[in-house]
Amino acid sequence: MRDVLEHFPGAQRALFRRYHIGGCSSCGFGSDETLAQVCARNGNLDVAEVLAHIQSSHEQDTKILISPKELATLLQQDKSVKLVDVRSREEFEAVHIDGSILLSQPVMQQLMANGSNTEPIVVVDHAGKNGLDAAAYFTGHGLQNVRCLRGGIDAWAQEVDPVMRRYRLG
């Protein structure tokens, strides 16, 4: 599963969404297991079908991603873009993209209350992996115009704002 998750970062979300695999301790899997082993102990699922679903989900994920340079251009052209940062408060307070807001319960309620959202929302995290989960959550709850910053704030610092402080997660 380690290799599957490396090639398809959203594979766990895809497995959980369709097959209820990997979302909790009772249906979880180990990184040393193979996809065939996971399929065998979850009702003898067809490995080819499961892999096709993971690949399809991956293709959908890539459509959600926006590059740092594309986001910089979008922010210049459209002042209605909402940057929603899903990192911890400490990370956000240490460094964030100007104009972004930290996701909190009131912010989530406001976003969800706006229905299908005509104004774009871009989810920001540290490296782009957790952000995809958040973007998928919003999309799954009916929001239509949601993207995720590819590579997160770390990529933004490298590609758009080189004076922005960078950090590593331990």
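These remarks concern the structure in this document. (Residues numbered from 1 in each chain as written. Predicted model: local features only at pLDDT ≥ 70, side-chain atom pairs only at ≥ 80, totals over all residues. Heavy atoms only, no water.)

### Structural notes on the layout of surface pockets
- For the largest pocket, the calculated volume is near 320 Å³.
- Pro9, Gly10, Gly128, Lys129 and Leu132 are, among the 17 residues lining the largest pocket, the residues nearest its centre.
- The element best represented in the lining of the largest pocket is helix H8 (residues 129-140), accounting for four residues. (1 Å grid on protein atoms, 1.4 Å probe; cavity = no way out; pocket = protein on both sides within 12 Å on 5 of 7 lines; lining within 4 Å. Points joined across faces, edges and corners; volume = space filled by probe spheres on them. Helix = DSSP H or I, 4+ residues; strand = E, 2+ residues; numbered from the N terminus.)

### Examining H8
- Here H8 contains 12 residues, and its C-alpha end-to-end distance of 17 Å stays within 8% of the 16 Å for a straight helix at 1.5 Å per residue.
- Of all the residues in H8, the buried ones are Gly131, Leu132, Ala134, Ala135, Ala136 and Phe138.
- Elements that come into contact with the buried residues of H8 comprise helix H2 (11-19), helix H4 (47-64), strand S1 (65-66), helix H7 (105-113), strand S4 (121-124) and strand S5 (146-149). (Expected span 1.5 Å × (residues − 1). Buried < 20%, exposed > 50% of the residue type's maximum accessible area, 1.4 Å probe, protein only. Contact = heavy atoms within 4.5 Å.)

### Notes on the packing of helix H5 (residues 68-77) against helix H9 (residues 152-159)
- Put simply, H5 and H9 touch, their axes get as near as 9 Å, and they point 80° apart. Between H5 and H9, the crossing angle belongs to the class labelled roughly perpendicular. Each of Pro68, Lys69, Leu71, Ala72 and Leu75 in H5 lies in contact with H9, whose residues at this interface are Ala155, Trp156 and Glu159. (Axes fitted to C-alpha atoms, helices over the stretch in contact; angles between N-to-C directions. Parallel < 35°, antiparallel > 145°, perpendicular 65-115°, else oblique.)

### Quick notes on the pattern of salt bridges
- Under the definition given, this model contains eight salt bridges.
- Its salt-bridge partner being Arg13, residue Asp133 comes within 2.2 Å of it at the nearest N-O pair. Highlighted residues: Asp133 in helix H8 and Arg13 in helix H2, separated in sequence by 120 residues.
- For Glu159, the salt bridge goes to Arg150, with nearest N and O atoms at 3.7 Å.
- What makes Arg150 partly exposed here is its relative accessible area of 35%.
- Overlapping salt bridges, with partners in common, bring together Arg13, Asp61 and Asp133 in one network. (Salt bridge = Lys/Arg side-chain N within 4 Å of Asp/Glu carboxyl O.)

### What about the side chain of Asp154?
- In this fold, Asp154 is placed in helix H9.
- Side-chain polar atoms of Asp154 contact the side chain of Gln158, separated by 3.1 Å.
- Beyond its immediate sequence surroundings of up to four residues, Asp154 is in contact with His126, Arg166 and Tyr167. (Polar contact = N/O pair within 3.5 Å; in protein donor to acceptor, adjacent residues only side chain to side chain.)

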